[in-house]
Amino acid sequence: MSYILGMTLRSSLIPLFLLLFLPVAAQELGVPSGCDCPTVRLDDDYCASSVVFEGRALRSDTLPALEATGRYGSKAQGRVRTRFQVQRVMKGGEAKELSIVTGTKADDCAFHFVTGQPYLVFARQDDDGLQTHQCTHTRALDTVTREFLDSLDQVVAGRGWDGGMPVKKPCP
């Protein structure tokens, strides 16, 4: 009898455990729960960005919620500012170091930078400085393909696409 009771109890606890644990695990693993990114063409993202650069993440600091304005507004429970050593600038002024701000949670489309890792960063200027998120073409450099870099080089050179056909001047 106790064996049957134990199996019944276990079988009813498993769905409860999964219901409670999986959303937490997904957030911890960086699975976006509330981030819904539209498809944005590379040339459009480049044109909308204030700076595009390759750089290495030097350090990240959490900013208090009291400073949260701009894209993340009052729903932010703080943001993260990451300092980069700039290795190559493709758009924007020359700089040796830049600070980029992003959110802290996956559901605000936060981009999580790992200190010491190189990145390709697309950032926009707003009230809080330069900001990026998962919906831009920002990514770790080790995930960037040769084809992507070739396309980016074409955009940097002043070429874009319209319906799959190259055009001059992607940015107005």
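Every value quoted in this text rests on a predicted model; they were computed, and no experiment measured them. (Residues numbered from 1 in each chain as written. Predicted model: local features only at pLDDT ≥ 70, side-chain atom pairs only at ≥ 80, totals over all residues. Heavy atoms only, no water.)

Asker: Account for the pairing of strand 1 (residues 51-63), naming residues and giving values.
Answerer: Bridge count between strand 1 and strand 4 (residues 118-126): six bridges; the pairing is antiparallel. From the neighbouring strand, glutamate 54 faces strand 4, where its bridge partner is leucine 120. Sheet topology note: the strand 1/strand 2 (residues 79-91) ladder contains eleven bridges and is antiparallel. Of the residues in strand 2, the one forming a bridge with glutamate 54 is arginine 88. (Pairing = 2+ DSSP bridges. Helix = DSSP H or I, 4+ residues; strand = E, 2+ residues; numbered from the N terminus.)

Asker: Residue-level account of the packing of aromatic side chains, with values.
Answerer: Tallying each qualifying case throughout the model produces six aromatic pairs. Ring geometry for phenylalanine 53 versus phenylalanine 84: centroids 5.5 Å apart, planes at 75°, classification edge-to-face. Residue phenylalanine 53 is found in strand 1, and its partner phenylalanine 84 is found in strand 2; the two are separated by 31 residues along the sequence. On the basis of relative accessible area, phenylalanine 53 is assigned to the buried category, the value being 0%. A centroid spacing of 4.8 Å and a plane angle of 40° characterise the contact between phenylalanine 111 and phenylalanine 113, whose relative ring orientation is tilted. In this structure phenylalanine 113 comes out as buried when scored by relative accessible area, which is 10%. An aromatic cluster is present here, built from Phe53, Phe84, Phe111, Phe113 and Tyr119 joined pairwise through their rings. For the cation-ring pair, lysine 91 lies above tyrosine 46, with the distance from its terminal atom to the ring centre recorded as 5.1 Å. A cation sits over an aromatic face here: arginine 139 above phenylalanine 148, 4.4 Å from the ring centre. (Phe/Tyr/Trp six-rings, centres within 6.5 Å; stacked < 30°, edge-to-face > 60°. Buried < 20%, exposed > 50% of the residue type's maximum accessible area, 1.4 Å probe, protein only. Lys NZ or Arg CZ within 6 Å of the ring centre and 35° of its normal.)

Asker: Could you give me a rundown of the state of the cysteines, with the residues and numbers involved?
Answerer: Such a bond, covalent and formed between the sulfur atoms of two cysteines, is termed a disulfide. Throughout the structure, instances matching the rule amount to two disulfides. For cysteine 35, the disulfide goes to cysteine 109, at an S-S distance of 2.0 Å. Linking cysteine 35 and cysteine 109, the disulfide has an S-S dihedral of approximately 110° and is accordingly described as right-handed. Taken together, the residues span a long stretch of sequence, with cysteine 35 in the loop between helix 1 (2-28) and helix 2 (42-48) and cysteine 109 in the loop between strand 3 (97-102) and strand 4 at a distance of 74 residues. For the pair formed by cysteine 35 and cysteine 109, the shared burial category is buried. For cysteine 37, the disulfide goes to cysteine 135, at an S-S distance of 2.0 Å. Taking the sign of the S-S torsion, about -75° here, the bridge from cysteine 37 to cysteine 135 comes out left-handed. Highlighted residues: cysteine 37 in the loop between helix 1 and helix 2 and cysteine 135 in the loop between strand 5 (129-131) and strand 6 (139-140), separated in sequence by 98 residues. Exposure remark for cysteine 37: the relative accessible area of 33% places this residue in the partly exposed category. For cysteine 135, a relative accessible area of 16% translates into the label buried. (Disulfide = S-S within 2.5 Å.)

By themselves these figures say nothing about function.
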